[in-house]
Amino acid sequence: MSPNRPAAVVILAAGEGTRMRSATPKILHAICGRTLVGHAVAAARALRPEHLVVVVGHARERVTEHLAGVDAGVVAAVQDRQLGTGHAVRAALGELARRGAVPEGTVVVTYGDVPLLTAGTLEALTAAHHEAGNAMTVLTAQVPDPTGYGRIVRGPDGQVDAIVEQKDATEALRAVREINSGVYAYDGRLLAEALGKVTADNAQGEEYLTDTLAILREAGHRVGAFTAADHREVAGVNDRVQLAEARRVLNTRLLERAMRDGATIVDPASTWVDVDVTFAPDSLVHPNTQLLGATSLAEGAEVGPGCTLTDTSVGAGARITHAVADHAEVGPGASVGPYAYLRPGTRLGKDAKAGTYVEMKNARIGEGTKVPHLSYVGDATIGDHTNIGAATVFVNYDGESKHHTTIGSHCRTGADNMFVAPRVVGDGVYTAAGSVITKDVPSGSLAVARGQQRNIEGWVARKRPGSAAAQAAERARDQQD
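The present account deals with the structure reproduced in this document. Only a predicted model underlies this, so the values are computations on that prediction, with no experimental measurement involved.

## Quick word on the overall build of the protein
Helices and strands together make up the secondary structure of the protein, namely 10 helices and 35 strands. In terms of overall size, the protein is more extended than a compact globule, its C-alpha atoms giving a radius of gyration of 32 Å where 481 residues would be expected to give roughly 23 Å. When each of the 481 residues of the protein is scored for burial, the buried share is 45%. A fraction of 40% describes how many contacts in the protein between residues 6 or more apart in sequence connect residues 24 or more apart. Put simply, the protein shows about 22600 Å² of open surface, and 49% of that area lies on carbon and sulfur atoms. For the protein, the distance from the average site of its 48 positive side-chain charges to the average site of its 54 negative ones is 6 Å.

Shown next as structure tokens:
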């Protein structure tokens, strides 16, 4: 094992988070497409620890189930009663011991509600801890306002002599801006020994992990510190205001990375993205756009304004404006919108079009095929270079089951058509405007399915005498005479 690779990372995530005022456990609230604890797990996993333990307590079944979906390698350690951070870490080490694992090397302790903490900072903390030969290394930060945080007290040699809480700090100490983040790197063997000496002899009756610092110092061991480059990384989330603040910071971080990699974000303030969104160089995002899930933009793709895309791939040179797409594929050079809705299973081929007020679901649209306006295409396959007339509906549901319609290539369907599934329309077919297609149409045919028009002259004068329509008709006859 690399000396900088932790033997274990322990994530403390057992608290209830009452200040969220939510039925959802705090650590399961999400920002940028990932839960708070999901962010913590992702950062920890990047260190490639031998063991990754999450301490659970409140709503443990729900949290454990979520963790299994996030990372199958996570070990869940149960803290039956929330008796402090020291007690939580003992629960984690106890769970590993029950599994026959005793961490030999560095043990990193972090939290499930610190979503902005990066893998890079954890890696730097671990490296600094190893290089200094410390028993314990505290992750600190220089903050603009240290109110409420424990202050770091350093000795002449730069080692950490103590962590003094706000209520115990003198006026001079309260002016210190270096604060304790609560994230630590330990020598695993010395951590276990120190935890055995931590007591609950305090006003709260809890075992505090910070007490290990004094225990290790009294035993003659080195306690150092590593300062995070950005103090916002160590900010915890305790309520919905802080949740929104963390979301904004992370969103800005993601957009800045995308722009430095060659994407254009016209208005970062009104653009929101998830952590799994990817941008190719020269992709372009207009204002008021949300890119969610694993959405991807290829080179030259242009999205927005006013778009929400979820788990959608946008091909090179494609254009989407004022549209919603969910689990869809938009091919190279295709265009979508304005005011279109691509539902799951929609696949637009190269240079295809889903135009204004078009809704598609489970539809495969061929190369160069256009559905320009006012249409619903559900459970359908349309070939290449076909044009679907305005106000066309694919009638796919009979009240009990969904059925599929296939339309061939180089077809021209009329306006206001209904295709009553299941139907097969061959290549090169024309259909007349206003037709309700209830039978298959052979290739090269013209399909007409509508009643004959009949004009009943004089009907308005007889049935609506004196009406505005009758008067208008009478004036028209007089002008003709």
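## Things to note about the packing of aromatic side chains
What describes a pair of aromatic rings is the distance from one ring centre to the other and the angle between the planes of the rings. This model, assessed by the stated rule, comprises three aromatic pairs. Note that K402 overlies the ring of Y397, its terminal NZ or CZ placed 5.6 Å from the centroid.

## Regarding helix α3 (residues 85-98)
One turn of the α-helix equals 3.6 residues, which is why residues spaced by three or four share an orientation. With 14 residues, α3 ought to run about 20 Å at 1.5 Å a step, and its terminal C-alpha atoms sit 20 Å apart, in line with that. Within α3, burial applies to G86, H87, A88, V89, A91, A92, L93, E95 and L96. Contact partners of the buried residues in α3: β1 (8-13), β4 (51-56), β5 (75-78), β6 (106-111) and α6 (188-195). Trailing α3 by a residue or two, G100 shows a phi angle of about 80°, which is positive.

## Here's the deal with the packing of helix α1 (residues 36-45) against helix α2 (residues 60-70)
Two quantities define a packed helix pair, namely the angle between the axes and the distance from one axis to the other. Relative to each other, α1 and α2 sit at 45°, their axes nearing to 11 Å. Taken together, the axes of α1 and α2 lie oblique to each other. Note that α1 runs across α2; the crossing there is right-handed. Contacts between α1 and α2 involve V37, G38 and V41 from the first element and H66, L67 and V70 from the second. For the contact of α1 with α2, the per-class residue count stands at four nonpolar, two polar and no charged.

## Observations concerning the state of the cysteines
Considering all chains together, one arrives at zero disulfides under this definition. Left unpaired, C32 is separated from the closest cysteine sulfur, that of C307, by 19 Å. Overall, the relative accessible area of 6% leaves C32 in the buried class.

## Some words on α1
Among the 10 residues of α1, eight are classified as buried, and the element is accordingly described as predominantly covered. Considered for burial, the residues of α1 that qualify are L36, V37, G38, H39, A40, V41, A43 and A44.

## Remarks on the side chain of T312
Among the structural elements, T312 can be located in the loop between β19 (308-310) and β20 (313-314). A distance of 3.4 Å separates the side chain of T312 from the backbone oxygen of A325, its partner in a polar contact. Apart from residues no more than four positions distant in its own chain, T312 is found in contact with T295, S296, A325, D326, H327, A328 and V330.

## Examining unusual backbone geometry
The linkage connecting G304 with the following residue, P305, adopts the cis geometry, with an omega of 0°. Checked against the element boundaries, P305 lands in the loop between β18 (302-303) and β19. In this chain, G337 is followed by P338 through a cis amide linkage whose omega measures 5°. For P338, the position within the fold is in the loop between β24 (335-336) and β25 (340-342). Within the chain, D379 stands out as a residue other than glycine whose phi angle is a positive 50°. When you line up the elements, D379 lands in strand β28 (residues 370-382). When its relative accessible area of 7% is taken as the criterion, D379 is described as buried.

What counts and what doesn't
- Residues numbered from 1 in each chain as written.
- Predicted model: local features only at pLDDT ≥ 70, side-chain atom pairs only at ≥ 80, totals over all residues.
- Heavy atoms only, no water.
- Helix = DSSP H or I, 4+ residues; strand = E, 2+ residues; numbered from the N terminus.
- Rg over C-alpha atoms; globule rule 2.2 N^0.38 Å.
- Buried < 20%, exposed > 50% of the residue type's maximum accessible area, 1.4 Å probe, protein only.
- Contact = heavy atoms within 4.5 Å.
- Areas by Shrake-Rupley, 256 points an atom, 1.4 Å probe, with all protein chains shown as cover.
- Lys, Arg positive; Asp, Glu negative; His and termini not counted.
- Charge placed at Lys NZ, Arg CZ, Asp CG, Glu CD.
- Phe/Tyr/Trp six-rings, centres within 6.5 Å; stacked < 30°, edge-to-face > 60°.
- Lys NZ or Arg CZ within 6 Å of the ring centre and 35° of its normal.
- Expected span 1.5 Å × (residues − 1).
- Axes fitted to C-alpha atoms, helices over the stretch in contact; angles between N-to-C directions.
- Parallel < 35°, antiparallel > 145°, perpendicular 65-115°, else oblique.
- Left-handed = near helix turned anticlockwise from the far one by under 90°.
- Nonpolar A, V, L, I, M, F, W, Y, C, P; charged D, E, K, R; others polar.
- Disulfide = S-S within 2.5 Å.
- Polar contact = N/O pair within 3.5 Å; in protein donor to acceptor, adjacent residues only side chain to side chain.

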